[in-house]
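Below are the chains, spelled out letter by letter.
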Amino acid sequence: MISRRVVLYFPSELIDQPIISNTVKRYNLEFNILKASIAPPEGGLLVLELQGGKKDVGEALAYLKELNIRIENLSRDITRREDACVHCGVCVAICPSDALVLNTTNGEVDFLPEKCVACELCVKACPYAAMEVRL
Amino acid sequence: MPRTIQEINEKIKAGKAVVVTAEEMTELVAKKGVKKAYQEVDVVTTGTFGPMCSSGMYLNVGHTKPKIKLGGGTCTLNGVPAYTGIAAVDIYLGAGKLPADDPRNKIHPGEFRYGGGHVIEEFVSGKDIVLEASAYGTDCYPRRELMSWLNIKDVNEAVLFNVRNAYQNYNVAVNLADKAIYTYMGILKPKLGNANYCSAGGLSPLMNDPLYRTIGIGTRIFLGGGVGFVAWQGTQHNPSAPRTEREVPTRSGGTLSVIGDLKGMSPRYLRGVSMCGYGASLSVGVGIPIPILDEEMALFTSVSDEDILAPIVDYSEAYPQAKPDILGEVSYRELRSGIITIDDKEIPTGSISSLSRAREIAKLLKEWIEKGKFLLTEPVERLPGKESGITFKAFRERPVEQ
């Protein structure tokens with residue numbers, strides 16, 4: 001079993017089709033929707049966590065690509081400006097996925113991008129605009 | 001035999017003073033006891049870094065040719081209005097001021113990405129900012145309009161003057177309502193979703209001198225990366241707050257008004273702040289050295305996070321409606337553990353004050369003193385203490401009949 005967090009950009013002609021439903025059935029995947037927005041005529045954006053066999057997840061992503069859906073890895077999407085962060089920790093209690101955690105040895109806040117679900121709560125909560133969205 | 005500040009300063013000048021941070025002092029006293037720690041240590045350094053409203057800077061920008069009288073007119077710095085009503089070219093910019101065209105909370109919660117605090121951060125970092133002013137013109141000050149770049153190195157005076165900083169203790173903010181709220185204590189998730197606190201705890205200046213024995217008017221301090229002074233007690237100074245046996249207030253207690261030359265400060269310790277749904281502010285770094293004059297000061301400076309209790313306050317109802325109710329008290333040690341428990345519910349905690357930067361400030365101040373670059377001061381006057389009877393009063397509203 002592997003888990004991948006991906007951002008899917010749907011062209012507008014696909015937004016009325018049950019693509020995710022078909023994909024998870026065909027490749028026997030579990031999924032968790034982290035964020036979704038549909039805005040015709042530009043198309044849609046879906047942030048998903050996919051879980052399944054390594055081969056199945058790979059094939060599912062290839063299938064989505066064939067349908068002309070652009071896929072990006074999620075981990076890049078929220079970044080921390082290291083020079084702006086003061087390590088106060090106000091984001092720590094807000095983060096739902098433990099991607100921002102207090103390092104008890106040095107009192108600093110560690111950002112673990114691999115755990116980030118890009119909910120953007122930290123972007124709103126950070127008093128220093130240190131957390132940035134890159135889409 | 002008690003020590004005097006003069007003796008400590010002689011030792012500092014000779015490079016012989018023993019200086020430890022407040023965290024180191026806590027450990028030392030736990031290991032060796034108060035008496036031994038008093039004998040060994042001359043100075044304890046404290047530090048705190050967090051959003052401190054009631055901060056701002058005043059400038060004297062110099063006279064233009066022909067002259068303009070900003071007083072009575074308007075003036076903005078990078079679009080943020082500054083107060084002009086004191087004279088011709090003296091202006092004051094408050095950390096919480098917003099540009100006229102900022103949408104505020106029109107679409108709630110507003111972002112407040114730029115305000116007075118951000119202008120101060122840019123100005124202290126040496127960036128050019130835009131001054132725009134208009135005035136009514138007089139015989140002696142005929143000019144009416146001014147728009148110019150302004151740099152900190154070109155103004156006569158640039159002074160940080162904060163009327164309330166370094167709160168002795170503060171609330172822990174929670175939200176009992178069923179929707180998120182956006183406060184100066186951060187975003188509070190519904191139904192006790194998180195608990196936010198804002199104090200450097202055992203490192204915080206006034207926690208280590210709870211009765212204001214050594215910190216008083218005229219005390220030389222670390223301010224914003226440079227040198228400043230305690231100007232007065234801060235606004236809302238509340239020495240009558242309830243205290244523990246160690247004299248540490250269990251509610252927001254004393255405060256300080258501080259002043260210092262902005263030209264010697266650094267943006268690392270003066271940072272613009274945006275609190276979502278609330279407004280703009282300035283994070284300020286303050287560090288205060290505490291002379292260990294006697295065993296009592298050694299005891300006071302050994303205060304640890306465990307010894308300091310803060311009240312848990314509901315910001316959905318009790319705080320905005322000015323009700324005195326609290327949900328209980330919690331120690332900074334529990335807060336720092338990342339989880340506190342209220343009514344059997346585990347609640348993640350978030351700190352608004354930066355412990356790592358508070359440590360950095362206490363260490364830096366320790367270095368300055370060890371190198372003989374920073375001497376201690378005798379207060380010119382004591383701050384009002386608990387014997388003063390001064391309390392924090394609510395507004396006395398008297399409706400005006402129309």
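Conventions adopted
- Residues numbered from 1 in each chain as written.
- Chains lettered and ligands numbered in written order.
- Predicted model: local features only at pLDDT ≥ 70, side-chain atom pairs only at ≥ 80, totals over all residues.
- Heavy atoms only, no water.
- Pairing = 2+ DSSP bridges.
- Helix = DSSP H or I, 4+ residues; strand = E, 2+ residues; numbered from the N terminus.
- Axes fitted to C-alpha atoms, helices over the stretch in contact; angles between N-to-C directions.
- Contact = heavy atoms within 4.5 Å.
- Buried < 20%, exposed > 50% of the residue type's maximum accessible area, 1.4 Å probe, protein only.
- 1 Å grid on protein atoms, 1.4 Å probe; cavity = no way out; pocket = protein on both sides within 12 Å on 5 of 7 lines; lining within 4 Å.
- Points joined across faces, edges and corners; volume = space filled by probe spheres on them.
- Nonpolar A, V, L, I, M, F, W, Y, C, P; charged D, E, K, R; others polar.

Focus: the sheet that holds strand β2 (residues 30–39) of chain A
All names here are of chain A.
Thought 1: Spatially, β2-β3-β1-β4 is the arrangement adopted by the 4 strands of the open sheet, whose pairing is antiparallel. Sheet topology places β2 and β4 (70–73) at the edges, where each strand pairs with a single neighbour. Strand-to-strand twist across the sheet, computed as the mean angle between neighbouring axes with direction ignored, equals 20°.
Thought 2: In this sheet, β4 lies alongside strand β1 (residues 2–10) in antiparallel orientation, the contact comprising 4 bridges. Bridging from a neighbouring strand, Tyr9 pairs with Arg70 of β4.
Thought 3: Across the face of the sheet, helix α1 (residues 19–26) comes into contact with β1, β2 and β3 (43–52) while running at roughly 150° to β1.
Thought 4: Sheet strands in contact with helix α2 (residues 54–66) are β1, β3 and β4, and its direction is about 5° off that of β1.

Thoughts on the environment of B:Gly110
Residue and element names in this part refer to chain B.
Thought 1: Here Gly110 lies in the loop between β7 (90–94) and α4 (116–124).
Thought 2: Residue classification places Gly110 among the buried positions, given a relative accessible area of 4%.
Thought 3: For the pair Gly110 and Cys276, spaced 166 residues apart in sequence, the C-alpha separation works out to 5.9 Å.
Thought 4: Beyond its immediate sequence surroundings of up to four residues, Gly110 is in contact with Arg104, Asn105, Cys276 and Gly277.

A look at empty space enclosed by the protein
Residues and elements named next belong to chain A.
Thought 1: Throughout the structure, instances matching the rule amount to 4 cavities of 30 Å³ or more.
Thought 2: Here the largest cavity defines a volume of roughly 100 Å³.
Thought 3: Cys85, His87, Cys88, Cys91 and Cys126 are, among the 14 residues lining the largest cavity, the residues nearest its centre.
Thought 4: What the second largest cavity holds in volume is close to 80 Å³.
Thought 5: Taken together, 13 residues form the lining of the second largest cavity, with Cys95, Leu100, Cys116, Cys119 and Cys122 sitting closest to its centre.
Thought 6: When its residues are assigned to classes, the lining of the second largest cavity shows 11 nonpolar, 1 polar and 1 charged.

Spatial relationships are all this shows, so hold off on functional conclusions.
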